[in-house]
Amino acid sequence: MSGQKRRPLIAGNWKMNGLKIAGGRTLGAVIEGYDAGLRAKADLLVCPPATLVYAFAAAAVGSRVAIGAQTCHPEISGAHTGEIAAEMLADAGASYVIVGHSERRAFNGETDADVRARALAARRAGLTPIVCVGETREERDAGRALEVVGAQLAGSVPDGEGPLVVAYEPVWAIGTGLTPTEADVAEVHAFMRAQLRSRFGAAFADGVRLLYGGSVKPSNAAALLAVEDVDGALVGGASLVAADFLAIAAACPA
Ligand SMILES: O=C(CO)COP(=O)(O)O
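Throughout what follows, the structure given in this document is the object of discussion. Owing to the predicted nature of the structure, the values given are computational and were not obtained by experimental measurement.

1. Brief notes about the pattern of salt bridges
If the charged atoms of two oppositely charged side chains come close together, the side chains can form a pair.
Logical step 1: The full count for this structure, using the stated rule, is 18 salt bridges.
Logical step 2: Across the pair Asp141 and Arg137 runs a salt bridge whose closest N-O atoms are separated by 3.0 Å. Taken together, the positions of Asp141 and Arg137, both in helix 7 (residues 137-141) and four residues apart, correspond to about one turn of that helix.
Logical step 3: For Asp141, a relative accessible area of 56% puts it in the exposed group.
Logical step 4: A relative accessible area of 33% places Arg137 in the partly exposed class.
Logical step 5: Via salt bridges that share partners, Arg6, Arg193, Asp229 and Asp231 belong to a single interconnected network.

Here is the structure:
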C-alpha cells in the first residue's frame, strides 16, 4: 500500500528531438492545454534538449508547466568539454533533471555511481533529480527484474532526504510499443517503495513519486496510471505531440 496520496507528475522526455520553432509551438500547445481541469490532476514537466531549456523556461514562466533537462555533469564547473553542470541548468530555468536514463547507461557508459553523482549534483543545484532504473528483456526473462531494479535503486539514489523522483523504465518497453502487464508494473513499484522505505523510512519514502516509463500513450495511460504506487509517467515519443501528452495527463486518476 502507498500509505499516502501523491500528486501525479507527467514528464515528457523529448530525447534528441526538437528545434526552436516547431518545438516552441509544441510547448506553446502544452502550456495552452494545461487548463484548470488538468492542473487539478497532475504536475506537468517538459524536458527538451539542452539547447531549448533556456527558451522553454522563459516561455513557461507563469504557466505552471515545469521545464527540465535530460542529464547533468556531477561537477559545478571545469575542464569538461561538452558537458553541462546542474547549476547551469538551474541558471537556465530548469527545475528537474533526468539522470541515469537507460540510453545514457547503455550508450554513454553511465554506472550507478555516475548516476548517483549526477543526482547529488542536481540536488546541490536545487533541481529535483528523476533517477531512472529498469531491467533489460534478458534480465526480465531470467526472472531478475526485481534484483536488477533493486541494485540500480540502491546504487543510483543518493543518501539523504533531498528532492527525488524515481522512474521505472523497463529497457525493452522503451520505444517498442510493448508494456509490462499492470501486475508486473505493480510488483516493481511496490518493490521500489518497499526498498525506499527500508532505506529511508516511510515518512520520506511515501512522499517519493515513482513514475512508470516505456511506451506510455493516450490509449494505455489510464490503466498504467491507475496502478498502485504509480505516481505519474515519464513519456518519450508521445510527449512530442502536445495533444497526446495532454491526453496522458488527462488520464491521471481524479
Ligand atoms: O524512454 C522513455 C522516456 O524516458 C520512454 O520512451 P517512449 O515513451 O518513447 O517509449
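2. Quick look at the pairing of strand 8 (residues 232-235)
Logical step 1: The alternating pattern of strand 8 places Gly232 and Leu234 on one face and Ala233 and Val235 on the opposite face, and all of these are buried.
Logical step 2: Inspection of the sheet shows strand 1 (residues 9-13) paired to strand 8 by four bridges, in the parallel sense. Paired with Leu9 across the two strands is Gly232, which belongs to strand 8.
Logical step 3: Traced from strand 7 (residues 209-213) through helix 11 (residues 218-225) to strand 8, the parallel crossover comes out right-handed.

3. Quick word on the site of the ligand
Logical step 1: Lys15, His101, Gly175, Ser215 and Gly237 are the nearest of the 13 residues found near the ligand.
Logical step 2: Within the side chain of Asn13, one N or O atom sits 3.0 Å away from an oxygen atom of the ligand.
Logical step 3: At 2.9 Å from an oxygen atom of the ligand is found a side-chain nitrogen or oxygen belonging to Glu169.
Logical step 4: Isolated, the ligand exposes 310 Å² of accessible area, and the fraction of that covered by the protein chains is 94%.

Rules and cut-offs
- Residues numbered from 1 in each chain as written.
- Predicted model: local features only at pLDDT ≥ 70, side-chain atom pairs only at ≥ 80, totals over all residues.
- Heavy atoms only, no water.
- Salt bridge = Lys/Arg side-chain N within 4 Å of Asp/Glu carboxyl O.
- Helix = DSSP H or I, 4+ residues; strand = E, 2+ residues; numbered from the N terminus.
- Buried < 20%, exposed > 50% of the residue type's maximum accessible area, 1.4 Å probe, protein only.
- Pairing = 2+ DSSP bridges.
- Right-handed = clockwise from strand over helix to strand, strands pointing away.
- Near = heavy atom within 4 Å.
- Polar contact = N/O pair within 3.5 Å; in protein donor to acceptor, adjacent residues only side chain to side chain.
- Areas by Shrake-Rupley, 256 points an atom, 1.4 Å probe, with all protein chains shown as cover.

Function cannot be read off these values alone, since they describe shape.
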